[in-house]
Protein chains: 2
Amino acid sequence: MSTNDDDLQKEIIEVCLRRGIVFPTAEIYGGAAGFFEYGPIGELVRQHLINLWREHFIASEENIYEISGSLILPEKVFEASGHLSTFNDPLIQCDKCKSMFRADHLLEEKDASINFDALSIQELEEMVKKYEVTCPSCGGSLGSPREFNLMFETQIGPVSGNRGFLRPETAQNIFINFKRIAHSMRAQLPFGVAQIGKAFRNEISPRNFLVRLREFEQMEIEMFVDPDELNNHPRWDEVADYEISILTREAQKTGGTPITVTVQEALDKGLIPNQYFGYYLALETEFLLSLGVDKDSFWFRHLLESETAHYSKGNYDLEIKFPFGIVECIGNAYRTDYDLMKHAEKSNTKMHIALPDGKKVIPHVIEPSFGVTRLFYVLLLASYQKGDREWTWFKFPYSVAPYEAVVAPLMKKDGLKEAAYDFFWELKDEGIDVIYDESGQIGKRYARSDEIGVPFVLTIDYQTLEDETVTIRDRDTTKQYRIPMAETAEVIRELIFNVITFQDLEKEYAELNGKESKKGKKTEQQKSASNKKRKQKKQKGN
Amino acid sequence: MSTNDDDLQKEIIEVCLRRGIVFPTAEIYGGAAGFFEYGPIGELVRQHLINLWREHFIASEENIYEISGSLILPEKVFEASGHLSTFNDPLIQCDKCKSMFRADHLLEEKDASINFDALSIQELEEMVKKYEVTCPSCGGSLGSPREFNLMFETQIGPVSGNRGFLRPETAQNIFINFKRIAHSMRAQLPFGVAQIGKAFRNEISPRNFLVRLREFEQMEIEMFVDPDELNNHPRWDEVADYEISILTREAQKTGGTPITVTVQEALDKGLIPNQYFGYYLALETEFLLSLGVDKDSFWFRHLLESETAHYSKGNYDLEIKFPFGIVECIGNAYRTDYDLMKHAEKSNTKMHIALPDGKKVIPHVIEPSFGVTRLFYVLLLASYQKGDREWTWFKFPYSVAPYEAVVAPLMKKDGLKEAAYDFFWELKDEGIDVIYDESGQIGKRYARSDEIGVPFVLTIDYQTLEDETVTIRDRDTTKQYRIPMAETAEVIRELIFNVITFQDLEKEYAELNGKESKKGKKTEQQKSASNKKRKQKKQKGN
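Definitions and limits used
Residues numbered from 1 in each chain as written. Chains lettered and ligands numbered in written order. Predicted model: local features only at pLDDT ≥ 70, side-chain atom pairs only at ≥ 80, totals over all residues. Helix = DSSP H or I, 4+ residues; strand = E, 2+ residues; numbered from the N terminus. Contact = placed C-beta atoms within 7 Å. Least-squares fit on C-alpha atoms with pLDDT ≥ 70 in both. Pairing = 2+ DSSP bridges. Axes fitted to C-alpha atoms, helices over the stretch in contact; angles between N-to-C directions. Buried ≥ 20, exposed ≤ 12 C-beta atoms within 10 Å, placed from the backbone. Nonpolar A, V, L, I, M, F, W, Y, C, P; charged D, E, K, R; others polar. Parallel < 35°, antiparallel > 145°, perpendicular 65-115°, else oblique. Expected span 1.5 Å × (residues − 1). Core = buried A, V, L, I, M, F, W, Y, C linked by C-beta atoms within 7 Å. pLDDT = per-residue confidence, 0-100.

Quick notes on the overall build of chain A
Okay, so step 1: Each helix and strand in chain A was counted, giving 20 helices and 26 strands.
Okay, so step 2: With respect to the principal axes defined by its C-alpha atoms, chain A has extents near 80 × 65 × 55 Å.
Okay, so step 3: A sequence separation of at least 24 residues applies to 63% of the contacts in chain A between residues at least 6 apart.

Digging into the relation of the copies chain A and chain B
Okay, so step 1: Here chain A sits on chain B after a turn of 180° about the axis and a move of 0.0 Å along it, with an RMSD of 0.1 Å. When the rotation and shift are considered jointly, the pair of chain copies conforms to a two-fold rotation axis.

Some thoughts on the sheet that holds strand β7 (residues 146–149) of chain B
Neighbouring strands of a sheet are bound in pairs by backbone hydrogen bonds; such pairs are parallel or else antiparallel.
Residues and elements named next belong to chain B.
Okay, so step 1: Reading across the sheet, the three strands line up as β6-β5-β7 and stay open at both edges, with antiparallel pairing between neighbours. The sheet is open, and its two edges are formed by β6 (100–102) and β7, each paired on a single side. Averaged over all adjacent pairs, the angle separating strand axes in this sheet is 50°, with direction ignored.
Okay, so step 2: Each of β5 (88–93) and β6 touches helix α5 (residues 103–110); the most contacted strand, β6, lies at about 65° to it.

Digging into the environment of B:Lys360
Residue and element names in this part refer to chain B.
Okay, so step 1: Residue position: Lys360 is located in strand β18 (residues 360–361).
Okay, so step 2: According to the C-beta neighbour criterion, Lys360 is exposed, with 9 such atoms within 10 Å.
Okay, so step 3: Taking C-alpha positions, Lys360 is 9.5 Å from Asp226, a pair spaced 134 residues apart along the chain.

Details of the interface of chain A and chain B
Okay, so step 1: Each side of the interface is counted separately: chain A has 73 residues, and chain B has 73 residues.
Okay, so step 2: By residue class, the composition of the side of chain A that touches chain B is 29 nonpolar, 22 polar and 22 charged.

As for the packing of helix α2 (residues 40–59) of chain A against helix α14 (residues 372–383) of chain A
All names here are of chain A.
Okay, so step 1: It is at 11 Å that the axes of α2 and α14 come closest, and there the two elements cross at 110°. Taken together, the axes of α2 and α14 are roughly perpendicular relative to one another. Residues Val45, Arg46, Leu49 and Ile50 of α2 lie in contact with α14, whose contacting residues are Val372, Leu375, Phe376 and Leu379.
Okay, so step 2: Among the residues making up the contact of α2 with α14, the classes are represented as seven nonpolar, no polar and one charged.

Points about unusual backbone geometry
Across the chain, the bulk of peptide bonds are trans and the bulk of non-glycine residues have phi less than zero.
Okay, so step 1: Between A:Leu189 and the following residue, A:Pro190, the backbone shows a cis peptide bond with an omega angle of -5°.
Okay, so step 2: Tracing the chain through its elements places A:Pro190 in the loop between α8 (178–184) and β10 (191–200).
Okay, so step 3: Positive phi is not limited to glycine here, since A:Ala26 has a value of about 55°.
Okay, so step 4: One non-glycine residue, B:Glu468, lies in the positive phi region at around 55°.
Okay, so step 5: Relative to the assigned elements, B:Glu468 resides in the loop between α17 (462–467) and β25 (469–474).

A look at the environment of A:Glu511
Okay, so step 1: Turning to its location among the elements, A:Glu511 is positioned in the loop between α19 (504–508) and α20 (524–540).
Okay, so step 2: In sequence terms A:Glu511 and A:Ser205 are 306 residues apart; their C-alpha atoms lie 61 Å from each other.

Here we look at the sheet that holds strand β23 (residues 434–436) of chain A
All names here are of chain A.
Okay, so step 1: Pairing is mixed across the open sheet formed by five strands, whose spatial order is β23-β22-β24-β25-β26. Sheet topology places β23 and β26 (480–484) at the edges, where each strand pairs with a single neighbour. Across this sheet, the average inter-strand angle for adjacent strands is 30°, counted without regard to direction.
Okay, so step 2: Note: strand β24 (residues 456–460) against strand β25 (residues 469–474), four bridges, orientation antiparallel. Across the sheet, residue Thr459 finds its bridge partner in β25, namely Thr471.

Quick look at helix α12 (residues 275–290) of chain B
All names here are of chain B.
Okay, so step 1: The first and last C-alpha atoms of α12 sit 23 Å apart over 16 residues, in line with the 22 Å expected at 1.5 Å per residue.
Okay, so step 2: For α12, a buried count of 13 out of 16 residues is recorded, marking the element as mostly surrounded by other parts of the structure.
Okay, so step 3: Once α12 ends, the next one or two residues include Gly292, with phi positive near 90°.

Remarks on the nonpolar core
Okay, so step 1: Residues A:Val378, A:Ala405, A:Val407, B:Val378, B:Ala405 and B:Val407 are the most contacted members of the largest nonpolar core, which totals 271 residues.
Okay, so step 2: Once residues lying within four places of it in the same chain are set aside, the contact partners of A:Ala405 are A:Ile432, A:Val434, A:Val454, A:Pro455, A:Phe456, A:Val457, A:Leu458 and A:Ile492.

A closer look at the confidence of the model for chain A
Residues and elements named next belong to chain A.
Okay, so step 1: Predicted confidence across chain A gives a mean pLDDT of 92, with 94% of residues reaching 70 or more.
Okay, so step 2: Below pLDDT 50 for its whole length, residues 517–525 participates in eight contacts with residues either more than four positions away or in separate chains.
Okay, so step 3: Segment residues 527–542: pLDDT under 50, and 32 contacts once partners within four positions in sequence are set aside and those in other chains are kept.

Focus on α14(A)
Residues and elements named next belong to chain A.
Okay, so step 1: For α14, built from twelve residues, the straight-helix expectation of 16 Å at 1.5 Å per residue is met to within 8% by its first-to-last C-alpha distance of 16 Å.
Okay, so step 2: Most of α14 is tucked away, with twelve of its twelve residues classed as buried.
Okay, so step 3: Turning to α14, its buried residues are Val372, Thr373, Arg374, Leu375, Phe376, Tyr377, Val378, Leu379, Leu380, Leu381, Ala382 and Ser383.

Dropping the structure here:
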């Protein structure tokens, strides 16, 4: 990690704190490691990111149901799921300064070529001796590693001994509610159940800003499929030719690079377990590209045998390369019927679904699992821009920007302030997501708007008072054009939904921008596209 | 509580379980008292309810920022807030069967005229003796009451002794982030900070279905105001004449009923502490009415002196009367500068805001606090309908219904199924929130649609194949009219946004419904209303 690379994270953290994007939790009390809060700007971006995900993965399907379950679950759930006995990390403590570390992480720093993650506690103890690992804080000698369960424990009710745990993944609510959901929705296979919500892992050493947190947010889908139909996805044709990048196990062993294949090829070569699995790798690739992540910077890494649970028949992590390292932000797992079987057994509940031919099956599960908090960080990293301005900016896709536009009077005097404020409310009433900013020089306001990634600034100036036009400034190019106030809401909608580009405004309003007018020459095709986009508007949500 | 009244709750619980609205958490493991999950239908209604709240309380203002903070907070936060020492309920245990109860609740069952809530542990012990209270489960004698802290405790990280607590209210994140928010947003007084999220209270005896839960959801606004400007709300004129119902302290003592006054009168009579407080009582009344709650069924109860924290200068709970009892679902508190002062002191952080004249003030706080889970239950209760149908239905306001319409083929044969399925996808692409249902007799599908409160059913029948029209059925009247397929999306939008009524369809499509056509006679005024509503569509969200 070079100094420069380190700077990227530092710079982003600085902007996050200064501009209300994310804050450390309980900062005034010295903070709490592994916890963060979304400030006003970050919270808007988070909501837009979640809405975009819902559109892409839920609203565009007909058979995925979203639920929202409890964060505290009783002990029995995690006895059955196996989390109580196996959801551990190897904890090692310095005999001298008492600092605690993850034994596998310390070993990885000694030798990156070995996957220590997969070793038993006994094997780790031997390795710590072999590599002569000492305390990274004080150089003292380390004790023996021991298993540390990552679930946060609490007590439910006043009777002691009634243990509850904060869920370490949203998935378990879906499995334990499976029967109720299937029955109440009269669901037939295949169908999916999605959940967006908090999850908790009591990490030994939280690190990397928003990457390894103790409290975070997930968006998960559990897709339930008849095991005989895993290669019969109804929409396979729509994705079969879609190209994805895969880092094979072979490549990982030989230091190779990711290969680009169509999902059909990946299936034919036996790289992925089935069509349902491939369908999600395609959708995820499309989603990452829509967030502005460079297509050459990410791939699906096939987890090694040693990293894969015994019941799993396929695990691929979406990894994104940044200057300072790799961020993993989506996990894909073919969980088979493992979870439903375990809960069926422990709770003595039938978890099968009747097929139309009367046959009963325990469905198999394909799980795409998204880390919201990590995706949010990826979005910040991928959007962060520096150039010939004196400030940085986030080139957020319009759909996730905190606001659509800022309304700013050039000056506060001569009625400009009042005109701008009225215009702000007009746009708000028209459903445009605007904020009003009158403080400081106009240049400062451009800077502030760019810094939080707002696509457009609308400035009310002296000409506005004469001819009811305003200037619209583009975040990405800093170009400005004049447009009529009365058409501003429409223009912003067309820009946001990519019906027109910012550059089109020069021609469209040529008479206001020193060129011959092309106004009114919008083709029928453009109009039709505009209407279609308008209809989709509703799905954008707030 | 009569048998009939009890039935209402039972019936609603039965529908909730059967139709995917809410489920008990970990039901297959015998459940966990005080925890519920939103099933697929309930989750949609919950999301719509939250969107509606955001529109009403946040999007319509210019200076309210939403944040989203950690659920686990370190001990120091609650030392400062006072929750660690005072957020207790009086726990009493049966010596014989070991059951646990809230001492004040047992006493209230003996004598409803006394407010036992306000008594000390010593006073409660005397009262338990005086009223000769015994165990309601086994009749055994009760031990001495003791304080039980309602916060769920956990341990942060592997080092023991580092206590964290699940937040018992969302408000504390707002106070501890106050300085960061104010600075990063360059916020000037007055401004508000809102938060929607989970909160946790380890109730001794959870009860009343969704009313007294251990894990629930809140929507809170902390409005920060210069203490000298509390009676100078910029939008006071918009609410001053709005009528609200108040149950005064006097009325509570004398067994009186709520009085109806304008917020201006409430202020003039000294019933409410200031304009900001009154502004929210008006907005909340308007919000409840928009949810379909009967205006004569709710009021703001002025909490008695004994129920009010020493620092509070005004507390009003919104209470709604149902046949089985009263549900309190919004709390309003004038928290003064208490919380900011406490955190300023304990964390040694400055919490003041500079006014334009240079003066620095610690703002005062007005807090409207909504229980999402309780509001959700209120919505179910207020919408529940029985009539001459063989099934029940929820008369949800369109804006919170789980879907806008169901698409159903009359039969599965003769191409009706295919036509209906294509039509379903067309409407979905047009942004209409539809589901597809082909299973069972059409009458059953009407029943299923009504039961979960979907406003409209669109049926594809043999006539559809001839003339491309469908029938649209109204949930509330069961009336049906024929409309053209091509205009269906538009018709649904106009119905949902109350631009037209269902009855208008009879005239509008008279030639399809056996009457002379009035089509094309939409007035300019209607068209304009239609456009305006369309623009607001975006804010409806998903």
